[in-house]
Amino acid sequence: MILKLFKYDFMNIGKKLIPFYIAALVIGIINRFLLLTTDISRMERENNFLAMFGSPLLYFAYFVVVFGIFCMTVFVIITRYSSSIYGNEGYLTNTLPLKPSQIIWAKLINFLIWIFISYFVIFVSMFILFPFEFFIRNIIKDTEFYQDLNTMVKEFFSSKYIFMSILQLIYNFFAHVQSILIIFLSIAIANLFKSYKVVVGVIAFFIISIIFSFIGASVTYSTISNLDVPVIYGDADPTIFLSLRNGTITSILYSLISSVLLFFGVHYLHTHNLNLE
């Protein structure tokens, strides 16, 4: 049954987001097609770099679509969770043979998947849209740049940087989980009121976000407070990486603990204060 709920939500969200994905990819493909059918070599000889990037109008349309993807993703998370739990669909959702925790998990995983799909589509469409190879070949002509870039790539793929990158990815994952659960909790709190639910939900979201952000920043800062910021961008120092590693691990643990607390808060309100419209 939980798979059916997951599939239903997945398809419902897809109907709203996929048109934006298609628009972003189509704009990128059109811009790339225009570049392929343009005499690039002539523009290179004339140093007409602006024309080599494609149509400014397409870039404007692309960034409007990307902004729409971010806005629509947040909007879908809010409206989909609210309507399927506390709206008209709530009568069906909450009578399914599922525990409240299973319903919350299904919603959370669904939203996480679509958020990362949005990131992936934006990443791919951006590489289609923007002619990076023309930019590198014509704008960056300094040979020392490529030597420094090669050194940076080798350093990045060393075990030290790879480990830090993995930690950062883990932190970003739990930060997204925490953000979604804050939205869930804000909606659950707003549902406690019979009127001004939107206002209450917005206020609850900002208050909860500020509290958790302040605590998280304080905890992380206490771990890396001994760092000299200018030194971070200088020569590599084992002490710096140790502090940054400990700070990132601390942030991960805090995000994990706060996500658990938020989850139980959402679960408690869902179980004991469910007020269907």
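What comes next is a walk through the structure. (Residues numbered from 1 in each chain as written. Predicted model: local features only at pLDDT ≥ 70, side-chain atom pairs only at ≥ 80, totals over all residues. Heavy atoms only, no water.)

## Notes on the pattern of salt bridges
The criterion, for reference: Salt bridge, as used here, is a side-chain nitrogen of Lys or Arg placed within 4 Å of a carboxyl oxygen of Asp or Glu. Secondary structure elements follow DSSP: runs of H or I no shorter than four residues count as helices, runs of E no shorter than two count as strands, and numbering proceeds from the N terminus. Only protein chains enter the accessibility calculation, which uses a 1.4 Å probe. A residue is then buried if its area is under 20% of the maximum for its type, exposed if over 50%, and partly exposed in between.
Taken as a whole and judged by the stated rule, the model has two salt bridges. One salt bridge in this structure joins Arg80 and Asp9, with 2.9 Å as the shortest N-O distance. In this pair, Arg80 is assigned in helix H4 (residues 56–85) and Asp9 in helix H1 (residues 2–36), connecting sequence segments 71 residues apart. Note on accessibility: Arg80 and Asp9 belong to one class, buried. Note that Lys107 is salt-bridged to Asp9, the shortest N-O span being 2.6 Å. Here the residue Lys107 occupies a position in helix H6 (residues 100–129), and Asp9 occupies one in helix H1, the gap between them amounting to 98 residues. Across the pair, exposure class does not vary: Lys107 and Asp9 are buried alike. Among the charged side chains, a network of salt bridges with common partners joins Asp9, Arg80 and Lys107.

## Focus: the packing of aromatic side chains
What characterises a pair of aromatic rings is the spacing of the ring centres plus the angle enclosed by the ring planes. Let me state the cut-off plainly: Any pair of Phe, Tyr and Trp rings, taking the six-membered ring for Trp, is counted once the centres come within 6.5 Å. Such a pair is stacked with planes under 30 degrees apart, edge-to-face with planes over 60 apart, and tilted for the rest.
In total, this model carries 15 aromatic pairs according to the counting rule given. Aromatic side chains Phe123 and Phe127 sit 4.8 Å apart centroid to centroid with 50° between the ring planes, which places their arrangement in the tilted category. Of this pair, Phe123 and Phe127 both sit in helix H6, separated by four residues, roughly a single helical turn.

## Some points on a nonpolar patch on the surface
Cut-off, in case you're wondering: What goes into a patch is any residue over 30% in relative accessible area without a salt bridge, connected to like charges within 9 Å or, for nonpolar side chains (Val, Leu, Ile, Met, Phe, Trp, Tyr), within 5 Å. Using the Shrake-Rupley algorithm and a 1.4 Å probe, accessible areas are obtained, with residue cover drawn only from the displayed protein chains.
There is a patch of nonpolar side chains on the surface, built from Tyr196, Val199, Ile203, Ile207, Ile211, Phe214 and Ile215 and spanning about 740 Å² of accessible area. Tracing the backbone shows Val199 in helix H10 (residues 197–224). With relative accessibility at 46%, the residue Val199 sits in the partly exposed group.

## Details of the packing of H4 against H6
Quick reminder of the rule: Fitted lines through C-alpha atoms give the axes, limited to the stretch in contact for helices. The angle between two N-to-C directions lies from 0 to 180 degrees. Orientation is classified from the angle alone, with under 35 degrees giving roughly parallel, over 145 giving roughly antiparallel, 65 to 115 giving roughly perpendicular, and any other angle giving oblique. A contact between two residues is defined here by any heavy atoms of the two lying within 4.5 Å. The classification used treats Ala, Val, Leu, Ile, Met, Phe, Trp, Tyr, Cys and Pro as nonpolar, Asp, Glu, Lys and Arg as charged, and all other residues, Gly among them, as polar.
Running from N to C, H4 and H6 cross one another at 175°; their axes reach a closest spacing of 11 Å. With respect to each other, H4 and H6 are oriented roughly antiparallel. On the side of H4, the interface is formed by Tyr59, Tyr62, Val66, Ile69, Phe70, Thr73, Val76, Ile77, Arg80, Tyr81, Ser84 and Ile85, while H6 contributes Ile103, Ile104, Lys107, Phe111, Ile115, Ser118, Tyr119, Ile122, Ser125, Met126 and Leu129. Residues that form the contact of H4 with H6 fall into these classes: 17 nonpolar, four polar and two charged.

## Some points on the nonpolar core
Selection criterion: Throughout this description, the term nonpolar core refers to a set of buried Ala, Val, Leu, Ile, Met, Phe, Trp, Tyr and Cys residues connected via side-chain atoms within 4.5 Å.
Tyr81, Ile180 and Phe184 are the most contacted members of the largest nonpolar core, which totals 46 residues. Elements supplying a minimum of two residues to this core: H1, H4, H6, helix H9 (159–190), H10 and helix H12 (238–272). The biggest single contributor to this core is H6, with 11 residues.

## Observations regarding the environment of His176
Locating His176 in the fold gives a position in helix H9. As for His176 and Ser255, which are separated by 79 residues in sequence, their C-alpha atoms are 9.2 Å apart. His176 has contacts with Leu112, Ile115 and Tyr119, leaving out every residue within four places of it along the chain.

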